[in-house]
Amino acid sequence: MAELLSWEADTSAAAEVYLADNRLNLDVYPNGTRHFLVLCNARREELLQIEFLRLNCNEEEISSSLSIIPELRQLKSLVLKGGHLWDEYGMCLPGLVTTLPVEFTHLQHLTHLDLSFNSFTSLPECVTDLKELTVLLLSHNKLAALPDSIGKLVKLTFLSLMKNQLRVLPASVGELVALQRADLSENELELLPDEIGNLCSCTWIDLSGNRLKTLPSSLANMTSLGELHLHSNQLVTVLASLADLPNLSRLALQNNSLRSVPPEIQNFPFVHLEGNPIGETDSPEEQDHAEPKEVVSRYLTSNSDSFTVTAEGCNVVLPCGIEIHFPPEAVSLVAVISCNIIPPDPQQVKLGHHDFLLSPVLELLPHGIQFEKEVMIWMPYIIPRSDHRREVVMRTFNGSWTNLETKISKSRHVACCRVLHFSWFIVISRLRENTCTVPMEGTLLFSSVDPNIKVTFPSGAVNHTRSVKMQVLPVAMEELHELTDDQDSLASPLLCLSQNSADNFLKPVKIQLPLPSGITGLNLDRSKVHLLHGDPEVEDWMDITNQVVLEFTHLYAIFEVNHFSWYWLWYTTKTYVGGIAQKVYERLRRWQVNFLARQRKRDPEQIFLQCVPKHKVESVCKNLQKRYWGPEPSDIVEMFEGEEFFAGFEKGIEIVSDRPDCIDGRISFTFYSHLKNSKEVYISTLDDRKTQAVKGQVSFYRGSLPSNIPEEAARKRKGPDSMWLATLPIKLPKQKTRLHNESRKESSYPPLNLGDEETGYLTEVNLLSIARRIGPEWQNIGINLGLTYSQLERIAHNHRDDLGKQILEMLFTWARCNANVSGCISHLIEAMKESDREDIAEEIHSIIELGKKKYRESIYRVGLSQESSNEDSAIAMV
């Protein structure tokens, strides 16, 4: 208590500085919103006179502060921004504000409002009632549309809507007669309203990074316009009349699809047209690959997994961001396409040496369907660490995983390929690959990773053309010293060579490798040089120094071979170099990771588990600390890409739900370095928590290894704990006042089934389990489920002393009304997601998937599958 009083005293003292000039800038201080709440009590009269206020919307106390702000009637400038925290990839985290109290309309002196970097999906109506507003900043939100009432802000001079999800603008935007600057960049606008031409005061407008294909002719009425930014759209034509705008000093049209431009625009002195295919015509081959100008776009919802494609073609966008483009005439008949997003299974996804998986598995059905024109697939991928040694490629499964010709959009982090059939698809990061075709006349092959590495094919080395591939893995000297614990050992980059033929070369092929760092032909000690030959199948390294003729120049080692494999040049005094190289190579393929076990602050029975590479642990923990608490990360352990592991709860704690990923009471995981490797589970205990807390633990154990790991590397620790990795404590606190009290157990609800056998059931037992997970946010969930405010108010009043009954009544009221409604379970899952309860949504999905699996198995057991029915019918007909 003394510490709290001291903190409040310091805050009050600091207020002398904060309030000296009617300004309160608390977004630059940790716990700034807490300072604001304390000031509200300690210095309320002075606080009511401030005119400028800034708060950090990434802090949890912001919701309490929002109810106080409308009392500050003298406010002229209000900044409520998020973006003060960053995720593990350095991206700004959005603020926690999703709406504003209606009382904000009392701020009638407000002229400047900044709500950037928050989570608004719609603009609160109270904002458009702020008649004195001149500056409104809404960038980096999730706005899909603007209300018609936006036109009431007739004094607005600057409007920023950059980085939202706007697809259309209301006609009322033309009523913003005082608007001088507008930033609408990086949205999803496809059309502009004609009324935009009424913005006669506008001098600067940015519409770049949208999906505009045409422009309204009314743009030529914006006579005050000085700068018009239209770059990075899909424009196929441009208005010649724009050149007549009297004040226009910059017209940015770069990176559009303009093949022809009116002479007036081409001769305009301030136009920028770079990146347009002006004057180009497609060759017949290019025309086959060109995207059609107009096709239907379809946006699938999360509960849709199939769609139809006709000869007209279409663009299909999945909720996860995957896009599929079917050009016209790709199919001659109507085709029904199904899509599944599957967690990667190491038994199915076979990765090569040093490959990293960057996406889940996309399955498109029916497998093997042949298209008459190439279908384009765009898959988002997890951003790998910047590394010039690596490249991103897509792969498909057709008996084995093969690479596809891939184009990368680094700005969108999307990989694109073209295919003529459907199967499974993934995105991976691999060592950069250099390829060449070796003709009978000979050729040279250089590495793009290290140009000092060169392979020379003499004339006559082959009697028919061969394809050759080269990959290079540099090993930093510091990393090598750490792996070998030897400061004197050095090595050149590892060279991996392969070809599409098992035949040896007819003439020796010359290979040039750079000498290890710090070694030259002048200080070289030949007794320390070892050339190692590696077998990629068993990862065995053999010293072949005495089997080849090694020549040295000032900077290079040169030798000749008649077949390809892996080659590694070492410089060391160690004798058994092959064994050292094998251990170093094995370590290079391992990741050092930590395990996390966090409990949700508002629901300690919800556990968040994750396996994180050590370089990401600090940022991940920082991001979790708002909603979760728990022990420090585990000690560092090493894991291979694609290695399986399990999490088991022990000492009186067990998993609540019957999950499909639960094997023998343990949750299964597969480690992929660039994926999240996280799951949320709900636990319970048989011990009585009314009298004391329950102290349990979660332990992590090894599972199976990827198939491409050699047997020697797969050996684990010796003894009974050979599979154990780490253990972290879990504490379920003592129950003081149980929110979901005993009356819930005594409540009796009639049998209830939502769904059907094939889509899966939710029974009243499942709903009771789900209700135990819900807390004070039950009304928000009820609204998202479609219950009316009057229904929720009646439930709250009837059970005003019992939160548990309120939750049950809300949930079963909805369930009784939707018992026979198709799609009700999908609606329930979506409502949980919209209410920020992804954990409950995931549990419901797991219950349904498990029900589907059991139903299919029962059908199979009793011989009622569709195939059996067809066979029986055929026999009966005979």
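Residues numbered from 1 in each chain as written. Predicted model: local features only at pLDDT ≥ 70, side-chain atom pairs only at ≥ 80, totals over all residues. Heavy atoms only, no water.

## So, the overall build of the chain
Stage number 1. Regarding its fold elements, the chain presents 17 helices and 49 strands.
Stage number 2. Out of the 878 residues belonging to the chain, those deemed buried represent 48%.
Stage number 3. Once local pairs closer than 6 in sequence are excluded, the contacts in the chain between residues at least 24 apart make up 60%. (Helix = DSSP H or I, 4+ residues; strand = E, 2+ residues; numbered from the N terminus. Buried < 20%, exposed > 50% of the residue type's maximum accessible area, 1.4 Å probe, protein only. Contact = heavy atoms within 4.5 Å.)

## Examining the pairing of strand β3 (residues 77–81)
Stage number 1. Buried residues dominate β3, accounting for four of its five residues.
Stage number 2. Bridge count between strand β2 (residues 52–56) and β3: five bridges; the pairing is parallel. Bridging across to β3, Arg-54 finds its partner in Val-79.
Stage number 3. The sheet contact formed by β3 and strand β4 (residues 112–114) spans three bridges and is parallel. Bridging from a neighbouring strand, Val-79 pairs with Asp-114 of β4. (Pairing = 2+ DSSP bridges.)

## Overview of the sheet that holds strand β15 (residues 323–326)
Stage number 1. Taking strand neighbours across the sheet as the criterion, the six strands line up as β12-β14-β15-β19-β23-β22 in an open arrangement whose pairing is mixed. A strand with exactly one partner marks an edge of an open sheet, and here the two such strands are β12 (296–299) and β22 (407–409). Taken pair by pair, the neighbouring strands of this sheet meet at an average axis angle of 20°, ignoring direction. (Axes fitted to C-alpha atoms, helices over the stretch in contact; angles between N-to-C directions.)

## Looking at the environment of Pro-269
Stage number 1. By the secondary structure assignment, Pro-269 is in the loop between α5 (263–266) and β11 (271–272).
Stage number 2. Looking at Pro-269, the relative accessible area reads 66%, which means it is exposed.
Stage number 3. Measuring from C-alpha to C-alpha, the distance between Pro-269 and Arg-250 comes to 8.6 Å, with 19 residues separating the pair along the chain.

## So, the sheet that holds strand β35 (residues 556–561)
Stage number 1. Spatially, five strands are ordered β26-β27-β31-β35-β34 in an open sheet, and the strand pairing comes out antiparallel. Each edge of the open sheet carries a strand with a single partner, namely β26 (443–446) and β34 (551–552).
Stage number 2. Of the pairings in the sheet, the one linking β26 to strand β27 (residues 454–457) comprises four bridges and is antiparallel in character. From the neighbouring strand, Thr-443 faces β27, where its bridge partner is Phe-457.

## A short note on the packing of aromatic side chains
Stage number 1. Taken as a whole and assessed by the stated rule, the structure comprises 20 aromatic pairs.
Stage number 2. With a centroid separation of 4.8 Å and 65° between ring planes, the pair formed by Phe-371 and Phe-422 is classed as edge-to-face. Here Phe-371 is found in strand β19 (residues 370–380), whereas its partner Phe-422 is found in the loop between β23 (414–421) and β24 (424–431), with 51 residues between them in sequence.
Stage number 3. These aromatic residues form a ring-pair network of at least three members: Trp-541, Trp-566, Trp-568, Trp-570 and Tyr-585. (Phe/Tyr/Trp six-rings, centres within 6.5 Å; stacked < 30°, edge-to-face > 60°.)

## Overview of the packing of helix α12 (residues 778–785) against helix α15 (residues 824–834)
Stage number 1. It is at 9 Å that the axes of α12 and α15 come closest, and there the two elements cross at 135°. In terms of orientation, α12 and α15 fall into the oblique class. The crossing of α12 and α15 is right-handed. Contacts between α12 and α15 involve Ile-781, Asn-784 and Leu-785 from the former and His-827, Leu-828, Ala-831, Met-832 and Glu-834 from the latter.
Stage number 2. Along the lines of polarity and charge, the residues of the contact of α12 with α15 split into five nonpolar, two polar and one charged. (Parallel < 35°, antiparallel > 145°, perpendicular 65-115°, else oblique. Left-handed = near helix turned anticlockwise from the far one by under 90°. Nonpolar A, V, L, I, M, F, W, Y, C, P; charged D, E, K, R; others polar.)

## Regarding the pairing of strand β25 (residues 433–438)
Stage number 1. Of the two faces of β25, only the one carrying Asn-434, Cys-436 and Val-438 is buried; Glu-433, Thr-435 and Thr-437 on the other face are not.
Stage number 2. Here six bridges tie β25 to strand β28 (residues 466–473), and the two strands are oriented antiparallel to one another. Residue pairing for β28: Val-438 is matched across the bridge by Arg-466.

## What to know about the nonpolar core
Stage number 1. Counting 75 residues, the largest nonpolar core has Ile-69 and Leu-80 as its most contacted members.
Stage number 2. At the level of secondary structure, the elements contributing two or more residues to this core comprise α2 (32–42), β2, α4 (62–66) and β3.
Stage number 3. Take this core: its biggest share by element is three residues, from α2.
Stage number 4. Non-local contacts of Ile-69, meaning those with residues more than four positions away in its chain, are made with Phe-36, Leu-53, Leu-55, Leu-75, Leu-78, Leu-80, Phe-104 and Leu-107.
Stage number 5. One finds Ala-461, Val-472, Ile-519 and Tyr-571 within the second-largest nonpolar core, a separate group that totals 35 residues. (Core = buried A, V, L, I, M, F, W, Y, C linked by side-chain atoms within 4.5 Å.)

## Description of the confidence of the model for the chain
Stage number 1. On average, residues of the chain score 81 in pLDDT, and 84% of them are at 70 or above.
Stage number 2. Note on residues 1–18: pLDDT is under 50 here. Beyond four places in sequence and across chains, it has 17 contacts. (pLDDT = per-residue confidence, 0-100.)

## Considering a negative patch on the surface
Stage number 1. The grouping of Glu-125, Asp-148, Glu-175, Asp-194 and Glu-195 at the surface amounts to a negative patch.
Stage number 2. The residue Asp-148 is located in the loop between β5 (135–137) and β6 (158–160) in this model. (Patch = residues over 30% accessible without salt bridge, like charges linked within 9 Å, V, L, I, M, F, W, Y side chains within 5 Å. Areas by Shrake-Rupley, 256 points an atom, 1.4 Å probe, with all protein chains shown as cover. Salt bridge = Lys/Arg side-chain N within 4 Å of Asp/Glu carboxyl O. Lys, Arg positive; Asp, Glu negative; His and termini not counted. Charge placed at Lys NZ, Arg CZ, Asp CG, Glu CD.)

## Quick word on the environment of His-367
Stage number 1. With respect to the helices and strands, His-367 occurs in the loop between β18 (361–365) and β19.
Stage number 2. Here His-367 falls in the partly exposed class, since its relative accessible area comes to 35%.
Stage number 3. A sequence separation of 29 residues divides His-367 from Ser-338, and the C-alpha atoms of the two residues are 9.9 Å apart.
Stage number 4. What His-367 contacts, discounting residues up to four positions off in sequence, is Phe-422, Ser-423 and Trp-424.
Stage number 5. Polar contacts involving the side chain of His-367 include one to the side chain of Glu-363, which spans 2.9 Å. (Polar contact = N/O pair within 3.5 Å; in protein donor to acceptor, adjacent residues only side chain to side chain.)

## Focus: the environment of Val-438
Stage number 1. Examined against the element boundaries, Val-438 turns out to sit in strand β25.
Stage number 2. Since its relative accessible area comes to 0%, Val-438 is described here as buried.
Stage number 3. Spatially, the C-alpha atom of Val-438 lies 9.8 Å from that of Asn-463, the residues being 25 residues apart in sequence.
Stage number 4. If we skip the residues at most four places from it in the chain, Val-438 touches Thr-443, Phe-457, Val-462, His-464, Thr-465, Arg-466 and Val-468.

## A few points about the pattern of salt bridges
Pairs can form between side chains of opposite charge whenever their charged atoms are close.
Stage number 1. Using the criterion set out here, one finds 16 salt bridges in the structure.
Stage number 2. Between Arg-430 and Glu-391 there is a salt bridge, and its shortest N-O distance comes to 2.9 Å. Linking Arg-430 in strand β24 with Glu-391 in strand β20 (residues 390–397), this pair joins segments that are 39 residues apart in sequence.
Stage number 3. Between Arg-432 and Glu-391 there is a salt bridge, with the nearest N and O atoms lying 3.8 Å from each other. Highlighted residues: Arg-432 in the loop between β24 and β25 and Glu-391 in strand β20, separated in sequence by 41 residues.
Stage number 4. Taking the relative accessible area as the measure of exposure, Arg-432 reaches 28% and is therefore partly exposed.
Stage number 5. Classification of Glu-391 as buried rests on a relative accessible area of 16%.
Stage number 6. Salt bridges linked by common partners bring Glu-391, Arg-430, Arg-432 and Glu-433 together as one network.

## As for unusual backbone geometry
Stage number 1. Backbone torsion omega between Leu-365 and Pro-366 reads 0°, so that peptide bond is classified as cis.
Stage number 2. Phi angles above zero are rare outside glycine, and His-354 is one such case at about 65°.
Stage number 3. Mapped onto the elements, His-354 comes out in the loop between β16 (335–342) and β17 (356–357).
Stage number 4. Looking at His-354, the relative accessible area reads 10%, which means it is buried.
Stage number 5. Not every positive phi belongs to a glycine, and Asp-664 is a case in point at roughly 55°.
Stage number 6. By secondary structure assignment, the location of Asp-664 is in the loop between β43 (662–663) and β44 (666–671).
Stage number 7. By relative accessible area, which is 76% here, Asp-664 ends up exposed.

## Notes on helix α8 (residues 577–588)
Stage number 1. The end-to-end C-alpha separation of α8 is 16 Å, in line with the 16 Å expected for 12 residues at 1.5 Å each.
Stage number 2. Counting buried residues along α8, nine of its 12 residues qualify, which places the element largely inside the surrounding structure. (Expected span 1.5 Å × (residues − 1).)

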